[in-house]
Amino acid sequence: MTTIGVIGAGAWGTALAQAMASDGSPVLLWARESELVEEINQRRTNSLFLPGASLAPTVRATGNLADLAQVPVLLAVVPAQFLARVLADLPPGPRDLVLCAKGIEAGTGRLMADVAAEAAPQATLAVLSGPTFAHEVAAGLPTAVTLACAGGEAQWQRLAPEVSRPMLRPYYSDDVTGAEIGGAVKNVLAIACGVVDGLKLGQNARAALISRGYAEMLRFGLARGARAETLSGLCGLGDLVLTCSSTSSRNFSLGKALGEGLSAAEALAGKNSVAEGAATAPVLADLARRDGIDMPIVEAVCQLLAGTAPAREVVARLLARPLKAELEGPA
């Protein structure tokens, strides 16, 4: 049986490793922390990032990236801001490299596929993205995702049987850009929805924010070459609805804390897991300004993260924007 490698033993990486091993397949899971490698191999748990989950006996952890050198399918699940650094240490070789982190690289504005193309030029890239809470995937609850293949249908035919499981269903796309933009932008919008919850502004406000946030995602995506049908699917609107509705989302939880009056530093202090939207928001806003794309909700999140104004004042500014048509041009 083909061994699948998972790079990154955070909550999502561990959940994917467990999902891949659910049918008895051998899975090699790379973790940075030596004590976590020992815990996974000896106790079949990951108390640091995914407490409560029991891992299959065919999941084996390693702290050495060289052990993944001959693995033909790798799922890269390290946080977006660390992807380039980790892939630089990965032994080169032809393989399918499936990107599972959602974000935009700070300082460069690159999507993860651009980062990986430079760091692992021999790999054929794909993106796995969609509405996925790690604890549900680890528990074997039904989940559907987009698998966007840069290698087109030939790569899909090769990869789909490797990553599909009875409770994890991938759907094919060749729109890698759309899959990446959907995942990156929804993280920022989830922060905004958390703020709405923290301020107790009600369900109407959250529904309106999801809808108007989706319009921002669509404007940005179309300007970058993404397809509208991709962004209306699992990796865009589907993921947006999930992460904007529950404190199981790290980004939503961060926004909720901001709405309740904490600073970004206070809300993020002591957290083991990364809220990707906090790093993505300022670079996304910069890219949108540069390209003349109107993203007022993203701008508002940046203000909240920077602490330049209290949450209620930022919301009031959004509500005071000039009245206009709901749909403008292609968005």
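Scroll up a little and you will see the structure.
This one's a predicted model, so the numbers in the text were calculated from it and none came from an experiment. (Residues numbered from 1 in each chain as written. Predicted model: local features only at pLDDT ≥ 70, side-chain atom pairs only at ≥ 80, totals over all residues. Heavy atoms only, no water.)

**Considering the nonpolar core**
Keep this limit in mind: Among buried residues, those of type Ala, Val, Leu, Ile, Met, Phe, Trp, Tyr and Cys that are joined through side-chain atoms within 4.5 Å constitute a nonpolar core. Only protein chains enter the accessibility calculation, which uses a 1.4 Å probe; a residue whose area is less than 20% of its type maximum is buried, one above 50% is exposed, and one in between is partly exposed. Helix and strand assignments follow DSSP, with helices taken as H or I runs no shorter than four residues and strands as E runs no shorter than two, numbered in order from the N terminus. Should any heavy atoms of two residues lie within 4.5 Å, those residues are counted as being in contact.
One finds Val185, Phe220, Leu258, Leu284 and Met295 to be the most contacted residues of the largest nonpolar core, which totals 49 residues. The set of elements that each furnish at least two residues to this core consists of helix 7 (176-198), helix 8 (203-223), helix 11 (250-259), helix 12 (264-268), helix 13 (276-291), helix 14 (296-306) and helix 15 (311-319). With eleven residues, helix 7 is the single largest residue contributor to this core. Leaving out residues up to four positions away in the same chain, Met295 has contacts with Val185, Glu216, Phe220, Leu284 and Ala288. If you look at the next biggest cluster of nonpolar residues, it comprises 42 residues, including Ala11, Ala15, Leu16 and Ala138.

**Points about the environment of Leu189**
In this structure, Leu189 sits in helix 7. With relative accessibility at 1%, the residue Leu189 sits in the buried group. Remark: the alpha-carbon pair of Leu189 and Trp30, spanning 159 residues in sequence, is separated by 30 Å.

**Comments concerning the side chain of Thr280**
Note that Thr280 resides in helix 13. The class for Thr280 is buried, based on a relative accessible area of 0%. Beyond its immediate chain neighbours, meaning those up to four positions away, Thr280 contacts Gly103, Ile104, Ala184 and Val188.

**Some words on the sheet that holds strand 2 (residues 27-30)**
Backbone-to-backbone hydrogen bonds join strands into a sheet, with any given pair of strands oriented parallel or antiparallel. To keep things clear, this is the line we draw: Strand pairing follows a simple DSSP-based rule, namely that at least 2 bridges must link the two strands. To get an axis, a line is fitted to the C-alpha atoms, and for a helix only the part in contact is used. The angle between two axes follows their N-to-C directions and goes from 0 to 180 degrees.
With respect to topology, eight strands assemble into an open sheet ordered 3-2-1-4-5-6-7-8, the strand pairing being mixed. Two strands close off the open sheet at either side, each with one partner strand: strand 3 (59-62) and strand 8 (168-173). Pairwise comparison of adjacent strand axes, ignoring direction, gives a mean angle of 25 degrees for this sheet. Packing against the sheet, helix 2 (residues 34-43) makes contact with strand 2 and strand 3, and its axis sits at approximately 160 degrees to strand 3. The strands that helix 7 touches are strand 6 (124-129) and strand 7 (143-149); relative to strand 6, the one it contacts most, it runs at about 40 degrees.

**Some details on helix 8**
Counted only if it meets this: To estimate how far a helix should extend, the number of its residues minus one is multiplied by 1.5 Å.
With 21 residues, helix 8 extends 30 Å from end C-alpha to end C-alpha; this agrees with the ideal 30 Å at 1.5 Å per step. All of the buried residues in helix 8 are Arg206, Leu209, Ile210, Gly213, Tyr214, Ala215, Glu216, Met217, Leu218, Arg219, Phe220 and Gly221. On its buried face, helix 8 is in contact with helix 7, helix 9 (228-231), helix 10 (234-243), helix 11, helix 13 and helix 14. Looking one or two places after helix 8, you find Gly225, whose phi comes out positive at around 95 degrees.

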